[in-house]
Each structure stands twice: as structure tokens, then as C-alpha cells.
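For reference, the chains in residue letters:
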Amino acid sequence: MPAKLPSTIAALLLKWYDRHARVLPWRSPPGAPRGDPYRIWLSEVMLQQTQVATVKPYFETFTRRWPDFAALAAAEDADVMAAWAGLGYYARARNMLACARAVANDHGGRLPDSEAALRALPGVGDYTAAAVAAIAFGRRAVVVDANVERVVARLAALETPLPRAKPEIRALTDTITPDDRAGDFAQAMMDLGATICTARSPRCLLCPLSGACAAERSGEPESWPRRERKRARPHRRATFFWLRRGDSVLLVRRPEKGMLGGMRALPTGPWQDDAPGLAGAPVDAEWVMTERIVQHGFTHFTLEAVLAASDVTGHIGDNVGEWWPIADLESAGLPTVFAKAARIMKETRW
DNA sequence: AAATCGTGGCG
DNA sequence: TCGCCAAGATT
């Protein structure tokens, strides 16, 4: 039988939001005029699967350097990818650029204000389209992110595990989303999820919805949402190649598709189950297998990379990648796994 | 439509 | 310490 939620939820939540809304760089306070759609869109893209505290410094950097769609659309790919380095999920950066250029070229430099038109833009899925339509343009839209999923699953004490419960959660969220202030309602749900109705230890004593929450009544609210078992993360091995020429090291650009797509990187061999040795070396040289190892956890596997090193002279490697000054590697915009490797190799002799 | 795609924080 | 999780989108 389909669950049902009390009709008082939106009013209770909006009253709480009027007093407790977080102050965020991309947000206009409750009651104030709506904020800049560019900043709202940019924040939503950065916030995909990423927490507020992580996003803040990147948001400041990006908005200072590229303050509007025109500026971002005109930016160099390499500059944008380097500025994104460390934030993760690098496909977002490529899609963000494509989206900015689509807005500049096909929409007169302004975001479309309907959920359907937003949904058609690169990197804009169901969540982001609804969030931007509601927050930036005042449209009624049903906004469902991981916070909303958790809050709604608890309010209704849904026994269906995620991700199977998504359709039912969306339907329930629809029933409690107000026609007016849908953007504030969405942000209130997310603030509640981030600060009160947290995943591990919900603060039900502070929650404005505790009286309407079936999970709180059960005495074990932290046991929601129910989830399917996740399979264990496999382990992979690889070799990273540290090729030095004078004061520089060889960097390559990774393919657009796949892991760390489009990012600058150290050359690597294949990532596989067993140690690949020197397979995939960028140049034919006298490689030394160092004792140094980089361990890094990705979303769906962990990586153990052995660092191979070599010193060369002349024009070796010139047509493979770019020679980057070792002292200035921070400005290369390396994903974290390669930044770790570089930090190690800068102080390693072989 | 299940798999793929980063990183940092927290209990 | 380590598994879990987060303002998801894409194929």
C-alpha cells in the first residue's frame, strides 16, 4: 500500500527555513529576490555528489575568474579542467563547459527557465533541472537529491530499499512540494538533510518535522533509508611513470572518455588485476622500478600504483606530452591520485 | 538499466 | 582504520 505524508510538512519546513537557512555564496536568503541563475546553475553542477564545504573554494575561484556564461563559454578547455582539478567527477567539468557554450550560442546567453529546456542541456539531469527551475526561476518543480531521499524515506518509514524506492520517493516528494516557494522548499529539505536529518546520527530533537516522522517514532531513525547491499570494491594495480628531463617531468592529457577524462596526468600503464610492470611506458628508456607506491580509493575500486622513474635528455618525449616544471606542478591541475604521486616523487631518489 | 565516474569527511 | 556517504549524470 502506498505511503502517505502529512499535509503540514511544507508549512512547518518553510517556517524553519525562514529562521535557519544556511548562508551560502550562491544562495539568496529567504524573502530576498532570486539569485543569479548562472551562479545557481554553477553551484548545482559543483554540488553533484559533492558536499557544500568542498565546493565553496572552487565556487569562489570559478565565479571570480569566470563571472558569467559569456566568460565561461570563452574560456580555454585546459584552464577550466585545471581549475576543476581536485573536485572530482571530471565529466562534470566537460559537461559544464559544453553547457555554458550551448547557453551562449543557442540561448542568447541566458539559461532557459523551464525544467524541460534545462533538462536538455549537457550535464543537467533530473535533479539539476528541477533545482535550477525552482531556485533560479521560481517554478514549481519536484527536487529530489540524496538529502530529500533520506528525509522522505524517514518521514514515511519506507521499507523499500534504495535505489528501488526512487519512484515512490519522487511521488511522495511531489505530494508535499508547495506550489509557492518550491525553491525554498527544496533548499529547506536539503539544509535539513545536511544539518539535522543526517545519515549517521540524526538530530531529531532539533527537527521541525519530528512530530510528522514515522522513522523518529520507531526509535531508530538512523536505520533509514533502507539500502540494497553494495558489492565490494575490487582492487586494481598500475604503474605510474615519472619521466624527468632536467627540472621538468612529462605530463600527458588523458582521453576525454573514461577515468579522469580530459585531465592532465602522469603517464600510466594499464589499470588491471595484477602488476603490469613496465607495460605502457611512454618512451623507451632505462626505467627504474622505485619502492614508492601510491594508494588511492576511487568510487568503485581501489588503486595501488607502483612508481617507475627515469631520467632522460635531448628531445625524448617531446611528441608524447608536455614537459612541466617540477617546482610548479601545483599549477598543472592534476587529479588527486597524480598529485599524491608527484608529491612522493619530488622527494624520491632512485 | 546497471555500471561508471573522485574526493573528503565522518563515526 | 575503514566502509559509508554525499545538492547525480551519462551511457
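Structure shown above.
Being a predicted model, the structure only gives us computed values, none of them experimental.

(A) How the structure looks around unusual backbone geometry. The linkage connecting L162 with the following residue, P163, adopts the cis geometry, with an omega of 0 degrees. By the element assignment, P163 lies in the loop between helix 9 (146–156) and helix 10 (166–176). Put simply, W224 and P225 share a cis peptide bond, and its omega is -5 degrees. Mapped onto the elements, P225 comes out in the loop between helix 12 (214–218) and strand 1 (235–245). For Q49, which is not glycine, the phi dihedral falls at a positive 60 degrees. Among the secondary structure elements, Q49 is positioned in the loop between helix 2 (37–47) and helix 3 (52–65). The class for Q49 is exposed, based on a relative accessible area of 68%. Even without a glycine there, the phi angle at R181 is positive, about 60 degrees. Relative to the helices and strands, R181 resides in the loop between helix 10 and helix 11 (182–195).

(B) Focus on the packing of aromatic side chains. The tally for this structure, following the rule as stated, stands at twelve aromatic pairs. Taking 5.1 Å as the distance between ring centres and 70 degrees as the angle between the ring planes, the aromatic pair formed by W26 and F59 counts as edge-to-face. You can see W26 sitting in the loop between helix 1 (9–20) and helix 2 and its partner F59 sitting in helix 3, a full 33 residues away along the chain. What makes F59 buried here is its relative accessible area of 0%. A ring pair is formed by W271 and F301, whose centres lie 6.2 Å apart and whose planes are at 75 degrees; its orientation type is edge-to-face. Taken together, the residues W271 in the loop between strand 3 (264–265) and strand 4 (288–297) and F301 in the loop between strand 4 and strand 5 (302–311) connect sequence positions 30 residues apart. Of the two residues, W271 and F301, neither departs from the other in class, the shared state being buried.

(C) Quick look at the protein's contact with DNA strand B. In the region of DNA strand B, 20 residues are neighbours, and Y90, L260, T299, H300 and T336 sit closest. Here, DNA strand B places atoms within 4 Å of the protein, and 61% of those atoms are sugar or phosphate. One of the side-chain N or O atoms of T50 is found 3.0 Å from a base nitrogen in DNA strand B. Between L260 and DNA strand B, the recorded distance is 2.5 Å, taken from a backbone N or O atom to a phosphate oxygen. Elements with a contribution of two residues or more to the surface near DNA strand B: strand 4 and helix 13 (336–346).

(D) How the structure looks around empty space enclosed by the protein. Per the counting criterion, the structure on display carries one cavity of 30 Å³ or more. Here the largest cavity defines a volume of roughly 110 Å³. Of all the elements, helix 9 adds the most residues to the lining of the largest cavity, at three residues. Of the residues in the lining of the largest cavity, the class split is eleven nonpolar, one polar and two charged.

What counts, and at which threshold
- Residues numbered from 1 in each chain as written.
- Chains lettered and ligands numbered in written order.
- Predicted model: local features only at pLDDT ≥ 70, side-chain atom pairs only at ≥ 80, totals over all residues.
- Heavy atoms only, no water.
- Helix = DSSP H or I, 4+ residues; strand = E, 2+ residues; numbered from the N terminus.
- Buried < 20%, exposed > 50% of the residue type's maximum accessible area, 1.4 Å probe, protein only.
- Phe/Tyr/Trp six-rings, centres within 6.5 Å; stacked < 30°, edge-to-face > 60°.
- Near = heavy atom within 4 Å.
- Polar contact = N/O pair within 3.5 Å; in protein donor to acceptor, adjacent residues only side chain to side chain.
- 1 Å grid on protein atoms, 1.4 Å probe; cavity = no way out; pocket = protein on both sides within 12 Å on 5 of 7 lines; lining within 4 Å.
- Points joined across faces, edges and corners; volume = space filled by probe spheres on them.
- Nonpolar A, V, L, I, M, F, W, Y, C, P; charged D, E, K, R; others polar.

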